[in-house]
Amino acid sequence: MSLDIVQACPDTFCRQAIGCNQVFPCPPIYMNLGDTLSVTIINNLAERTSVHWHGIVQTDSVEMDGAGILTQCEILPGGSFTYTFTPPDSGTYWYHSHSSTQYIDGLRGSLVIFNPANPFTYQYQSLVELYDWYHLPTSILLPEYLASLTGDEPVPDSVLLNAVGQSGCTVCPYSEIQVPHNSVIRLRLVNSAAMAIISFSIDGFQLTVIEVDGIEVVPTTFDVVRLNAAQRYSVLVTANKDPGVYLMRAEMDPTIFATPPPVTLALGHFVIVGEGTVVPQAPVITPPLLNPIVLSANFNIPPAITNPNAIPFVESPTVLTPLVPIPVPQRTTTYPVVLSFAPLLARQNANAGFLNGI
Ligand SMILES: [Cu+2]
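Residues numbered from 1 in each chain as written. Predicted model: local features only at pLDDT ≥ 70, side-chain atom pairs only at ≥ 80, totals over all residues. Heavy atoms only, no water.

**Quick word on the coordination of the copper ion**
All of the protein donors around the copper ion are His54 (ND1) and His96 (NE2); their distances to the metal are 1.9 to 2.0 Å. Linking His54 in strand β5 (residues 51-54) with His96 in strand β7 (residues 91-97), this pair joins segments that are 42 residues apart in sequence. (Donors = N, O, S within 2.8 Å, 3.2 Å for Na, K, Ca; no water. Helix = DSSP H or I, 4+ residues; strand = E, 2+ residues; numbered from the N terminus.)

**What to know about the side chain of Gln72**
Among the structural elements, Gln72 can be located in the loop between β5 and β6 (80-85). Judged by relative accessible area, which is 9%, Gln72 ranks as buried. Among the polar contacts listed, one links the side chain of Gln72 to the side chain of Tyr83, at a separation of 2.5 Å. (Buried < 20%, exposed > 50% of the residue type's maximum accessible area, 1.4 Å probe, protein only. Polar contact = N/O pair within 3.5 Å; in protein donor to acceptor, adjacent residues only side chain to side chain.)

**Re the packing of aromatic side chains**
Tallying each qualifying case throughout the model produces ten aromatic pairs. Seen from their ring centres, Phe24 and Trp133 are 5.2 Å apart, and the 50° between their planes marks the pair as tilted. With Phe24 in the loop between β2 (15-20) and β3 (29-32) and Trp133 in strand β9 (residues 124-133), the pair connects residues that are 109 residues apart, well separated along the chain. In this structure Trp133 comes out as buried when scored by relative accessible area, which is 0%. Taken together through their ring pairs, the aromatic side chains of Trp53, Phe81, Tyr83, Phe85 and Tyr95 make up a single cluster. One Lys or Arg, Arg15, reaches over the ring of Trp133 and ends 4.8 Å from the middle of that ring. Across from the ring centre of Tyr131, 3.7 Å away, lies the NZ or CZ of Arg108, which sits over that ring. (Phe/Tyr/Trp six-rings, centres within 6.5 Å; stacked < 30°, edge-to-face > 60°. Lys NZ or Arg CZ within 6 Å of the ring centre and 35° of its normal.)

Dropping the structure here:
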């Protein structure tokens, strides 16, 4: 797979971006559990690179993890490197540059590992790739960010749903997923954003979560699934409404940015196709839900610690349960580990802190 600078206009604004094999966006990779993945990266960029396989357990193949500088020397401009590994788990993953800010410029894609013993029932599947999109390249954004005194991260210009968004357009493009009437489709949601928290929903349909970051879970139904950057969920959707066009929504949470992004919503078309029926072109208008059931990762902030000898371990409660629970290993040996944390400080706008004084 070659890495190339290409023209990209995913939300109708055109800019230079990183593509793969001369194409933006970079392609998804599909494989079966048990297969060996072998990808040769040919670096046609003018800078060093590396490609990380996000979420893949690399127990016996650490040198293939793709964390530039940490697990390998970066791939020089004009150079190449072959990643070869056999993932131990099925599920929905993604790959991205692990060098500088290249993935925000486009070096990202999805990695799907099919489970031959799939326990769920569905007839179709599709990826739903979600990420924030910047109209300026990070070669401009990063120096600006590091030079600013506010520490505010760059604000994205729009959000993309399967590499299509709507920004300042009157005739806008929409991504499309087609599904036959009355069938069940598995949507593999991937948030490969730089920063954005993105909520996904389909007007008038419920989403039944069956996978979280490669772990199959007991099917649980929601109206909206909210993904933090790098999270993945698989959801089942039953196409049991009349053939027609329904709206998929990818909505960025504007509150994490210093100023709200100019565009926070990307729409896509979820098209139910009936045999012998002509699908109406206009999207079906569905009234918004008053109390949508939202799945959201829960980040609990531990209570203030007053007794240094009694540090509470706070687990995040979750409404999801693994399909095959893996018991916590029995404790056989106790290793005391002392960790001390010093407050964060701003250094060249990179958030920094001290762990055990380092
Ligand atoms: Cu990653």
